[in-house]
Amino acid sequence: MKNKIKVSIVALILVVLAAGYSIIDKNNAIYDTDVDSSDYGSLELEKRGNVNQEFVTFEERLDGLAVKLTASGNIDNIEVGYELEEKETGKIVSEGTASLAELKNGKFFKFKFEQVTGCKDKVYVFHMHVDKCDEDSRIIVCVTDRAEDATSLLVNGEVQDSTIVLRTITHRFDIETFIVTICFIIYIVLFMRWLYKLFKQ
């Protein structure tokens, strides 16, 4: 009886730990993830350059956006501003500025902001503009070669038949991560039991 209680307590602790581990920044791509990264196009932005990416979010909440960027020149001196606009109302639900000093070229650069709620199935426009940049510095925004459904892209006011390599970020419990973690724990437990029986013989 005592052994069953101990096993139940350990199992409960493991489930709680797995649940905690499964609260993550969930990324959802608005671009075609089947496109190989070597096939991405690029948009070059100088000072006062801007992009406006329209997209639909399927999450109830948003905690940030991530854009795949590259920069050249003095990146420590590059600053970009951004706004997230709810298209239907024209309301700016989040805005801010970010330095690219910590940018790792070719990686996703995160724009984190205070959580926006009530987002599910709404159309948003992500405005990004270069506010500070040396004359010889450039920002390269990665794009795919066609506009995805329910998206549109303006670059310096001109329509582009492409989509920014952009992800929405939602900090939440992820059931897929939880299931994978539980399966991994079960595998480790069974493997350890097998080793115990093997060496006990």
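Computed from a predicted model, the values in this text were never measured in an experiment.

1. With respect to the pattern of salt bridges
As enumerated under the stated definition, the model contains 10 salt bridges in all. Here Asp25 makes a salt bridge to Lys112, at a shortest N to O gap of 3.4 Å. Of this pair, Asp25 sits in strand E1 (residues 23-29) while Lys112 is found in strand E7 (residues 107-117), placing the two residues 87 residues apart along the sequence. Note on Asp25: relative accessible area 26%, which makes it partly exposed. Lys112 sits in the partly exposed class, given a relative accessible area of 44%. Taking the shortest distance from any N to any O, the salt bridge between Lys26 and Asp174 comes out at 3.5 Å.

2. Side note on a nonpolar patch on the surface
The grouping of Phe184, Tyr187, Ile188, Phe191, Met192, Trp194, Leu198 and Phe199 at the surface amounts to a nonpolar patch, some 900 Å² of accessible area in total. With respect to the secondary-structure elements, Trp194 resides in helix H2 (residues 175-200). Judged by relative accessible area, Trp194 falls into the partly exposed class, the value being 49%.

3. Section: the nonpolar core
Nonpolar side chains in soluble globular proteins tend to end up buried together. Leu69, Leu100, Phe111, Phe126, Met128, Ile139 and Val141 are the most contacted members of the largest nonpolar core, which has 34 residues in total. Elements with a minimum of two residues in this core: strand E2 (41-45), strand E3 (50-57), strand E4 (61-72), strand E5 (79-86), E7, strand E8 (122-132), strand E9 (138-144) and strand E10 (152-155). Among the elements that make up this core, the one with the highest residue count is E4 (5 residues). Those residues in contact with Met128 that lie beyond four places of it in its chain are Leu45, Gly49, Asn50, Val51, Leu69, Val80, Gly81, Tyr82, Phe111 and Val141.

4. Some details on the packing of aromatic side chains
Summed over all chains, the structure comprises 10 aromatic pairs. One aromatic cluster in this structure is built from Tyr82, Phe109, Phe111, Phe113 and Phe126. We note Arg167 situated over the ring of Phe108; from NZ or CZ to the ring centre the distance is 3.8 Å.

5. A look at the sheet that holds E8
The strand order across the open sheet formed by 6 strands is E6-E5-E8-E3-E10-E11, and the pairing between neighbours is antiparallel. Both edges of this open sheet fall to strand E6 (91-99) and strand E11 (158-160), since each of them pairs with a single strand only. With strand direction ignored, the average angle separating the axes of adjacent strands in the sheet is 20°. Here 8 bridges tie E5 to E8, and the two strands are oriented antiparallel to one another. The residue of E8 that forms the bridge with Val80 is Val130.

6. Observations concerning the side chain of Thr168
Topologically, Thr168 is positioned in strand E13 (residues 166-173). A relative accessible area of 3% places Thr168 in the buried class. Once residues within four sequence positions are removed from consideration, Thr168 is found in contact with Lys26, Asn27, Asn28, Ile30, Phe55, Leu62, Gly64 and Leu65.

Conventions used here
Residues numbered from 1 in each chain as written. Predicted model: local features only at pLDDT ≥ 70, side-chain atom pairs only at ≥ 80, totals over all residues. Heavy atoms only, no water. Salt bridge = Lys/Arg side-chain N within 4 Å of Asp/Glu carboxyl O. Helix = DSSP H or I, 4+ residues; strand = E, 2+ residues; numbered from the N terminus. Buried < 20%, exposed > 50% of the residue type's maximum accessible area, 1.4 Å probe, protein only. Patch = residues over 30% accessible without salt bridge, like charges linked within 9 Å, V, L, I, M, F, W, Y side chains within 5 Å. Areas by Shrake-Rupley, 256 points an atom, 1.4 Å probe, with all protein chains shown as cover. Core = buried A, V, L, I, M, F, W, Y, C linked by side-chain atoms within 4.5 Å. Contact = heavy atoms within 4.5 Å. Phe/Tyr/Trp six-rings, centres within 6.5 Å; stacked < 30°, edge-to-face > 60°. Lys NZ or Arg CZ within 6 Å of the ring centre and 35° of its normal. Pairing = 2+ DSSP bridges. Axes fitted to C-alpha atoms, helices over the stretch in contact; angles between N-to-C directions.

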